[in-house]
Amino acid sequence: MAPIMNVQRSDYRDAMARLGAAVSVVATDGPGGQAGFTASAVCSVTDDPPTLLVCLNRSASVYPVFEANGVLCVNVLAAGQQALSNLFGGKTPMPERFAAARWSLLVTGAPVLEGATVSFDCRVTRRTEVGSHDVLFCEAVAIRGSDKAQGLVYFDRRYHDLLAA
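The following refers to the structure shown.

So, how was this worked out
Residues numbered from 1 in each chain as written. Predicted model: local features only at pLDDT ≥ 70, side-chain atom pairs only at ≥ 80, totals over all residues. Heavy atoms only, no water. Pairing = 2+ DSSP bridges. Helix = DSSP H or I, 4+ residues; strand = E, 2+ residues; numbered from the N terminus. Axes fitted to C-alpha atoms, helices over the stretch in contact; angles between N-to-C directions. Core = buried A, V, L, I, M, F, W, Y, C linked by side-chain atoms within 4.5 Å. Buried < 20%, exposed > 50% of the residue type's maximum accessible area, 1.4 Å probe, protein only. Contact = heavy atoms within 4.5 Å.

Re the sheet that holds strand β10 (residues 133-145)
So, step 1. Taken together, the seven strands give an open sheet; going across it, the order is β3-β2-β6-β9-β10-β5-β4, and neighbouring strands pair in antiparallel fashion. This sheet does not close on itself; its edge strands, each paired only once, are β3 (35-39) and β4 (42-47). On average, adjacent strands in this sheet sit at an angle of 30 degrees to one another, irrespective of strand direction.
So, step 2. In the sheet, strand β2 (residues 24-28) pairs with strand β6 (residues 71-76) via four bridges, with the strands oriented antiparallel.

This is the structure we're talking about:
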């Protein structure tokens, strides 16, 4: 493949499709209401304080809810949860999205997905605008993991289950 010197939006998106990423449902609840969306733009920032980042498009319908609540839970999906990812990534009304799974609470009041491989219950501590998105810096105040060693990744515009050997 020849190098691309004048990177266009479509070139960048095609290249990013080759960067495999865990799939998460990011959920919130609070004074702004309840909302959730599917994300693959999540990563660790530091372990002291335990912080991760989540990228959220400012034009997304859920944006005002996340902005008002200031808390969220990053629920990393397990193998076999593609349907839930698609549900939270589409135009399905919020009550139907949340009715499709079981939820609990930890510290912040943000919805914690039962059956996720791991859930990070977080307070948003900082926001930075970059292009069309906000980068949310989120301090984990509680974590709940699963004994399952199975994950779900998105690579080459498709889901792939990761199963323990």
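Now that the structure has been shown, we can carry on.
What about the nonpolar core?
So, step 1. By size, the foremost hydrophobic cluster in this structure holds 31 residues, and its most contacted members are V26, F37, F66, L72 and C138.
So, step 2. Setting aside residues no more than four positions away along its own chain, L72 makes contact with V26, A27, T28, F66, A110, F120, D121, C122, V124, L136 and C138.

Concerning the pairing of strand β12 (residues 158-162)
So, step 1. For strand β11 (residues 151-155) and β12, the ladder comprises five bridges, and the chain directions are antiparallel. For F155, the partnering residue across the bridge sits in β12 and is R158.
So, step 2. Where β11 hands over to β12, the hairpin turn is made up of two residues, of which D156 adopts a positive phi near 55 degrees.

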